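# Working through the structure, step by step
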Amino acid sequence: QVQLMESGGGLVPPGGSLRLSCTASGSIFSFSAVYWYRQAPGKQRELVADDTAGGSTNYADSVKGRFTISVDDPKHTVYLQMNSLKPEDTAVYYCKVDVTTGPGDGYREIEVWGRGTLVTVSS
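What this report covers is the structure whose coordinates are included nearby. (Residues numbered from 1 in each chain as written. Predicted model: local features only at pLDDT ≥ 70, side-chain atom pairs only at ≥ 80, totals over all residues. Heavy atoms only, no water.)

### Concerning the packing of aromatic side chains
Cut-off, in case you're wondering: When two rings of Phe, Tyr or Trp (its six-membered ring) have centres within 6.5 Å they constitute a pair, described as stacked for plane angles under 30 degrees, edge-to-face for angles over 60, and tilted for the intermediate range. Accessible area is worked out with a 1.4 Å probe on protein chains only. A residue is then buried under 20% of its type maximum, exposed over 50%, and partly exposed in between. Strands here are runs of E lasting at least two residues and helices are runs of H or I lasting at least four, both read from the DSSP assignment and numbered beginning at the N terminus. Lysine and arginine charges are scored as sitting over a ring when NZ or CZ, respectively, is within 6 Å of the ring centre and within 35 degrees of the ring normal.
Inspection of every chain in the model, using the stated rule, returns 3 aromatic pairs. Geometrically, the ring pair formed by Tyr-35 and Tyr-37 is tilted, given 6.3 Å between the ring centres and 35° between the ring planes. This pair shows no difference in class: Tyr-35 is buried, exactly as Tyr-37 is. With a centroid separation of 4.9 Å and 45° between ring planes, the pair formed by Tyr-37 and Trp-113 is classed as tilted. With Tyr-37 in strand β4 (residues 30-39) and Trp-113 in strand β10 (residues 109-113), this residue pair connects regions lying 76 residues apart in the sequence. Looking at Trp-113, the relative accessible area reads 32%, which means it is partly exposed. Sitting above the plane of the Tyr-94 ring, Arg-45 keeps its charged end 3.8 Å from the centroid. In this structure, Lys-96 packs its charged tip against the face of Tyr-35, placed 4.0 Å from the ring centre.

Printed below as a string of structure tokens:
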């Protein structure tokens, strides 16, 4: 069983910064790809950033130049550094990881979602 735990959300004024963390636990061999999504009130969940196999990163147009996704493989942790935050960035942020499980779990390829962390950008 692999679980994800997000942290780092909170209330920040416009122009401020936050760093979200997403740490995986359980039987993990490697990450194949990592993603951050967000869902604002009354809106559909949207992809914010991803880091796929080969180290290719992609960002939604609305966050390019402000957000950075990164991975610390030994710590099984994914980060989202968010700078120059705007009120429209207010949302629940979710991480998703494509995981290859460990040998004891048969090297299965699974998709795991975190429960989300709330980011509120307001003065």
